[in-house]
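Structure assessment
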Amino acid sequence: MSAPNGNAPGWPGVDPKWTSSAKNAVGTAIGDGARVWFTVSHGILNEVYYPEVDTACLRDACLLVTAADGFFSEEKRHCDHTVEWIAPGVPAFRLVNSCREGRYVIEKRVCTSPDFDVVLQHVRFTPRVGTLHDYKLTLLISPHLGNHGAGNSGWVGHHRGHPVLFARRESLVMAMVCSVGFSPSTVTFVGADDAWHDVREHGRITRLYNRAENGNIAMAAELDVREVAGEFTMAIGFGADPETAAMHARASMFDPFATTERRYMASWAGWQAPLLALDELSSDTEPHLYRASMAVMKSHMSMNIDGGAIASLSVPWGTSKGDGDLGGYHLVWPRDMVETAGGLLAAGAHTELKAMLRFLAVTQEPDGHWPQNMWLNGTPFWTGVQMDEAAFPLVLVDHARREKAIDVDEVEQFWHMVERAAVYVALNGPATEQDRWEENAGYAPFTLAVEIAGLLCAADLAELAGQHAFATYLRDTADDWNANVEQWTYTTNTELSRHLGVAGYYVRIGSALPADRDAPTDALIPVKNRAADLPPLRASELISTDALALVRFGLRDANDPRMVDTVKVIDHVLRTETTTGPTWRRYNEDGYGEHADGSAFDGTGIGRGWPLLAGERAHYEIAAGRPEEAIRLASVMRAQANLGAMLPEQVWDAPDIPSRELYNGKAAGSAMPLVWAHSEYVKLLRSLREGSVYDCPPQARARYGMQPNAPRVSVWRFNFQVGALRHGCTLRLDLQAPARVRWSVDHWATLTDTESHEIARGVHVVELPTDAVAEGVMVRFTFYWPDADRWEGRDFDVVVAPAA
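Note that the structure is a prediction, hence the values are computed from the model and not measured.

Thresholds applied
Each chain has its residues counted from 1, running along the sequence as written. Per-residue local features of the predicted model are confined to residues with pLDDT of at least 70, and side-chain atom pairs are confined, for both listing and counting, to 80 or more; whole-chain, interface and lining totals are unaffected and use all residues. Note: side-chain values were computed over all heavy atoms of the structure, leaving out hydrogens and water. Each helix is a run of DSSP H or I of at least 4 residues and each strand a run of E of at least 2, with the numbering of both proceeding from the N terminus. Using C-alpha atoms as the atom set, the radius of gyration is obtained and then compared with a globule rule of 2.2 Å times the number of residues to the power 0.38. We call a residue buried when its accessible area falls under 20% of the maximum for its residue type, exposed when it is over 50%, and partly exposed in between, using a 1.4 Å probe and counting protein chains only. Any two residues having at least one pair of non-hydrogen atoms within 4.5 Å are treated as being in contact. Computed by Shrake-Rupley with a 1.4 Å probe, the accessible areas treat only the displayed protein chains as cover when residues are assessed. Here the rule is simple: two strands pair whenever DSSP picks up at least two bridges between them. Axis definition: a line fitted to C-alpha atoms, limited for helices to the stretch in contact. Angles are taken between N-to-C directions and run from 0 to 180 degrees. In what follows, roughly perpendicular refers to angles from 65 to 115 degrees, roughly parallel to angles under 35, roughly antiparallel to angles over 145, and oblique to any angle outside these ranges. Crossings are assigned a handedness: left-handed for a near helix turned anticlockwise from the far helix by less than a right angle, right-handed for a clockwise turn. Gly is placed with the polar residues, together with every amino acid not listed as nonpolar (Ala, Val, Leu, Ile, Met, Phe, Trp, Tyr, Cys and Pro) or charged (Asp, Glu, Lys and Arg). Here a Phe, Tyr or Trp ring, Trp counted by its six-membered ring, pairs with any other such ring whose centre lies within 6.5 Å, and the pair is stacked when the planes are under 30 degrees apart, edge-to-face when over 60, and tilted otherwise. We call a charge positioned over a ring when the NZ of a Lys or the CZ of an Arg lies within 6 Å of the ring centre and within 35 degrees of the ring normal. The predictor's confidence in any single residue is recorded as pLDDT, a number from 0 to 100. Residue count minus one, scaled by 1.5 Å, sets the expected span of a helix. We count a salt bridge whenever a side-chain nitrogen from Lys or Arg sits within 4 Å of a carboxyl oxygen from Asp or Glu. The set of buried Ala, Val, Leu, Ile, Met, Phe, Trp, Tyr and Cys residues whose side-chain atoms join them within 4.5 Å is what this entry labels a nonpolar core. Polar contacts, as used here, are pairs of N or O atoms within 3.5 Å; protein pairs need one atom able to donate a hydrogen and one able to accept it. Residues neighboring in sequence count only if both atoms are side-chain atoms.

1. Observations concerning the overall build of the chain
- The helix and strand tally for the chain stands at 20 helices and 34 strands.
- The C-alpha radius of gyration of the chain comes to 29 Å, within 12% of the 28 Å expected for a compact globule of 804 residues.
- Oriented by its inertia axes, the alpha-carbon framework of the chain measures out at about 100 × 55 × 55 Å.
- Considering the chain as a whole, with its 804 residues, one finds that 63% of them fall into the buried category.
- Within the chain, contacts between residues at least 6 apart in sequence are counted, and of these 68% link residues at least 24 apart.
- Counting every atom, the chain has about 28,300 Å² of accessible surface; 51% of that belongs to carbon and sulfur.

So this is what it looks like as structure tokens:
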């Protein structure tokens, strides 16, 4: 045994990994003092977040149980686990871990302090074989402060004479205290000589080290529970320094755990009480998925940066992921956040909805878009641009207005955000650099639907702001794009359509060619996360559920023959039956998921079914007049939640692989919970209550879904250079600076000069009266830029297409 005051050997430890994404519980306190979020998986506390919901500080905290006869048991690996919500919609939990050898039961109650930066566990250890004196309990904690398992330092210390286990990384400190004494205790580097291996080999802690610096560390302490009948409370506190962290941890234990738990629960019950009673639409047994979903959405919101919300308190395939893999889900995604806001709005949570709108307003980039994803302080993480993320807030603001969640004055406050976003969408759409799955560029039905609906919503908001010309401009843009949806994304007479006996279908993405963006194309498109040796697929071969968005956002009627045929294709290619009901994959050849043998996604894999897509399909069924099928699909979503009412990102849609905890129809190894899925479920309940698709923008439904629409203009931009002008339309040139346009319809035999005018900030428009020009005529034009006192120096041509 090493000296009690020694530094641990084995620096820096093995490469750190995160833990299981299969969360059974997530929670946080409601209140000004709440800056800690917790998750539970496999019966134990694992990732804990502080001081923000995007900053993980703990990998897990687990009990090891040993006995003199050589018995060794780790509760997360060697027990059967149950989890119960202590009350519906209140994220405080009772965990029961039953030893598979029948020797003990561990019961826990978990919540956070409403007053201090602390997560609390009240624990009862009950032997089923022998007595308390026959067992040793060792607490094992793995700090991962500041989203890093590397670079942590830990030490065995005291605070005013009370034993404390400390960990630190930069300005973050964690302190663990217990209502019973703990001795001996140790800090080690994770590896062959760590505390887990020591206890596994010797039944107790034998290698005592007071400190481990700057590595992947584990802290352990034996808990003396014999004199307290096996019942005790543990507190893990946080702060910017050891004194503060220890004070928080110790202060949180002055009140009995039951008192703290009651206060925690009362705040949550008070938050849930005024929400709409959508529970009546659900046949859930406890816990109610509706109330659980509301708690999940609220628990993923920042309590410090008002309105910020992340995508998931989990790391997909976390046991195989290290420090560099954390960012994707512990970030704000504007799309996921707007989807979450829509779920909150559907339930009547207007305070949170308004906070989210304010967050969007202050994180918008100067040009009008939002980062693809970002930390809660607004710092961009990934640098891609997704057009649906720029358009979604337009839909949300208008929906909030129509629901009277924001009043006239608040609509006016958000107008600057709306105007900039609408300008960005109009000047940069309709093709996207990446679709909603952060992958391919081109014309994506989902993105098109959100953009077009967003422009119409923004047009109504522009009217309220007194900008009538801008409103007309936005509606004209939406009409032009809507008229091209089939040209860009609908295909006919393919091998698949002939096989299924349908006329055609909407593809996942239509290729956008810069030279002639309105030309139909069946270009080769690479599919992300597929094995490198597989060739790209043609656009006509890529099928996605995203086409349902054309109905969801009002662009097409659910019973349009093109939609009906597309649904047949979607079901043929993407639908899989599981033990919990049907599930749909995102698109064919999706590589985001486990491999066939169940091994973790490692950059390639096989995409699995998504419960949220069952919700999207249910909304389509509502639009098609089949509410009974939508009700059935709502029950499928409930069945695909786990025992803790957490909805996963994906479900396993292949035969069971018990060794990898993969069971048909239940959670796969990706994110769980996925907040977006919970929001979709809540919106589905509201849609069932309304008897119509709750979040369908009525402007789009009235303008396109219920009647034919003839666009007035065809749009041309430098970054959207159409080669053909729709017969009978005005050619509108969208520019970002003042210009004089010189144009001709007879190869410069005669010419006309037309001045631009500013339609909105940064948008200068020239409308050429080409509506009477005969088909086949070439419209030729060029530009003089007065601010720079120069001509463009080249001509541009657009041909008037034959009449439809």
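2. Here's the deal with unusual backbone geometry
- Residues Y50 and P51 are joined by a peptide bond in cis, for which omega reads -5 degrees.
- On the secondary structure map, P51 appears in the loop between strand 3 (44–49) and strand 4 (56–67).
- In this chain, G429 is followed by P430 through a cis amide linkage whose omega measures 0 degrees.
- Phi is positive for N147, which is not a glycine, with a value near 70 degrees.

3. Here we look at the sheet that holds strand 31 (residues 763–768)
- On the basis of which strands lie adjacent, the open sheet formed by four strands has the order 25-27-31-30 and mixed pairing. Lying at the two open borders of the sheet, with one neighbouring strand each, are strand 25 (713–716) and strand 30 (757–760). Taking the axes of each pair of neighbouring strands and ignoring which way they run, one obtains an average angle of 35 degrees across the sheet.
- Bridge count between strand 25 and strand 27 (residues 730–735): four bridges; the pairing is parallel. Opposite S714, over in strand 27, you have L731 as the bridge partner.

4. Thoughts on the side chain of H300
- As for its position among the elements, H300 is in the loop between helix 5 (289–299) and helix 6 (334–347).
- The buried category is assigned to H300, whose relative accessible area is 0%.

5. Re the sheet that holds strand 17 (residues 231–239)
- Within the open sheet, the nine strands sit side by side as 6-7-8-9-17-13-12-11-15. Their pairing is antiparallel. Each end of this open sheet is capped by a strand with a single partner; those strands are strand 6 (79–87) and strand 15 (211–215). Neighbour-to-neighbour, the strand axes of the sheet open up by a mean angle of 20 degrees, direction not taken into account.
- The pairing of strand 9 (residues 118–127) with strand 17 spans seven bridges and is antiparallel. Considered in strand 17, the bridge of L120 is made with A235.

6. Some points on the packing of helix 5 against helix 19 (residues 675–690)
- In contact at an axis separation of 9 Å, helix 5 and helix 19 are set at 135 degrees when each is read in the N-to-C sense. Taken together, the axis directions place helix 5 and helix 19 in an arrangement best described as oblique. Every pair of crossing elements has a handedness; the one defined by helix 5 and helix 19 is left-handed. Mapping the contact onto sequence places L289, Y290, S293, M294, V296 and M297 in helix 5 and V675, H678, S679, Y681, V682 and L685 in helix 19.
- Per-class residue counts for the contact of helix 5 with helix 19 are nine nonpolar, three polar and no charged.

7. Focus on the packing of aromatic side chains
- Under the criterion given, the structure shown has 36 aromatic pairs.
- Plain terms: the ring middles of F392 and F446 are 6.0 Å apart, the flat faces sit at 55 degrees to each other, and that makes the pair tilted. A residue pair is termed long-range when its members are at least 10 positions apart, and F392 in helix 8 (residues 387–402) and F446 in helix 11 (residues 445–464) qualify at 54 residues.
- On the basis of relative accessibility, which here comes to 4%, the residue F392 falls in the buried class.
- Here F446 falls in the buried class, since its relative accessible area comes to 4%.
- Aromatic ring contacts, followed pair by pair, group W716, F718, F781, F783, W785 and F796 into a single cluster.
- Lying over the aromatic face of F446, R436 brings its terminal NZ or CZ to 4.0 Å of the ring centre.
- One cation-aromatic arrangement involves R508 over Y587; the distance from NZ or CZ to the ring centre is 3.6 Å.

8. Some words on the confidence of the model for the chain
- Confidence along the chain averages 93 in pLDDT terms, with 96% of residues attaining 70 or more.
- Taken together, the stretch residues 513–520 has pLDDT below 50 and engages in 19 contacts with residues farther than four places along the chain or on a different chain.

9. What to know about the packing of helix 8 against helix 11
- One can describe the packing of helix 8 onto helix 11 by two numbers: an axis separation of 8 Å at closest approach and a directional angle of 45 degrees. One way to sum up the angle between helix 8 and helix 11 is to call them oblique. In terms of crossing hand, the pair formed by helix 8 and helix 11 is left-handed. Facing M387, D388, A391, F392, L394, V395, V397, D398 and R401 of helix 8, the residues of helix 11 in contact are F446, T447, V450, E451, A453, G454, L455, C457, A458, D460, L461 and L464.
- Its residues placed into classes, the contact of helix 8 with helix 11 shows 14 nonpolar, two polar and five charged.

10. A word on the environment of M417
- With respect to the helices, strands and loops of the structure, M417 is situated in helix 10 (residues 415–428).
- On the basis of relative accessible area, M417 is assigned to the buried category, the value being 4%.
- Along the sequence, M417 and L357 sit 60 residues apart, while their C-alpha atoms lie 9.5 Å from each other.
- Setting aside chain neighbours within four positions, we find M417 in contact with L357, L360, A361, Q364, W370 and V397.

11. Brief notes about helix 17 (residues 611–623)
- Between its first and last C-alpha, helix 17 extends 19 Å over 13 residues, near the 18 Å set by a 1.5 Å rise per residue.
- Burial in helix 17 covers these residues: P611, L612, L613, A614, G615, E616, R617, A618, H619, Y620, E621 and I622.
- Where helix 17 is buried, its residues touch helix 15 (549–552), helix 16 (561–574), strand 23 (581–585), strand 24 (609–610), helix 18 (627–640) and helix 19.
- G625 lies just past helix 17 and shows a positive phi near 85 degrees.

12. Considerations on the pattern of salt bridges
- What the rule picks out here adds up to 63 salt bridges.
- Between R103 and D69 there is a salt bridge, with the nearest N and O atoms lying 3.0 Å from each other. Highlighted residues: R103 in the loop between strand 7 (90–99) and strand 8 (104–112) and D69 in the loop between strand 4 and strand 5 (72–74), separated in sequence by 34 residues.
- On the basis of relative accessible area, D69 is assigned to the exposed category, the value being 56%.
- One salt bridge in this structure joins D224 and R226, with 3.3 Å as the shortest N-O distance.
- The exposure class assigned to D224 is partly exposed, which follows from its relative accessible area of 37%.
- Through salt bridges that share partners, R59, D60, E74, K76 and R77 make up one connected network.

13. Concerning the nonpolar core
- By size, the foremost hydrophobic cluster in this structure holds 257 residues, and its most contacted members are L223, F470, F781 and F783.
- It is helix 11 that provides the largest number of residues to this core, a total of 13 residues.
- Among the nonpolar cores identified, the runner-up in size contains nine residues, and F72, L140, V199 and A220 belong to it.

14. Section: the side chain of R556
- Position of R556 relative to the elements: it lies in the loop between helix 15 and helix 16.
- A distance of 2.9 Å separates polar atoms of two side chains, one belonging to R556 and the other to E486.
- Sequence-distant contacts of R556, defined by excluding residues within four places in its chain, comprise N482, V485, E486, Y506, L550, V551, R562, M563, Y704 and G705.

15. Re helix 10
- Between its first and last C-alpha, helix 10 extends 20 Å over 14 residues, near the 20 Å set by a 1.5 Å rise per residue.
- Of all 14 residues that make up helix 10, twelve are buried, and the element is covered over most of its length.

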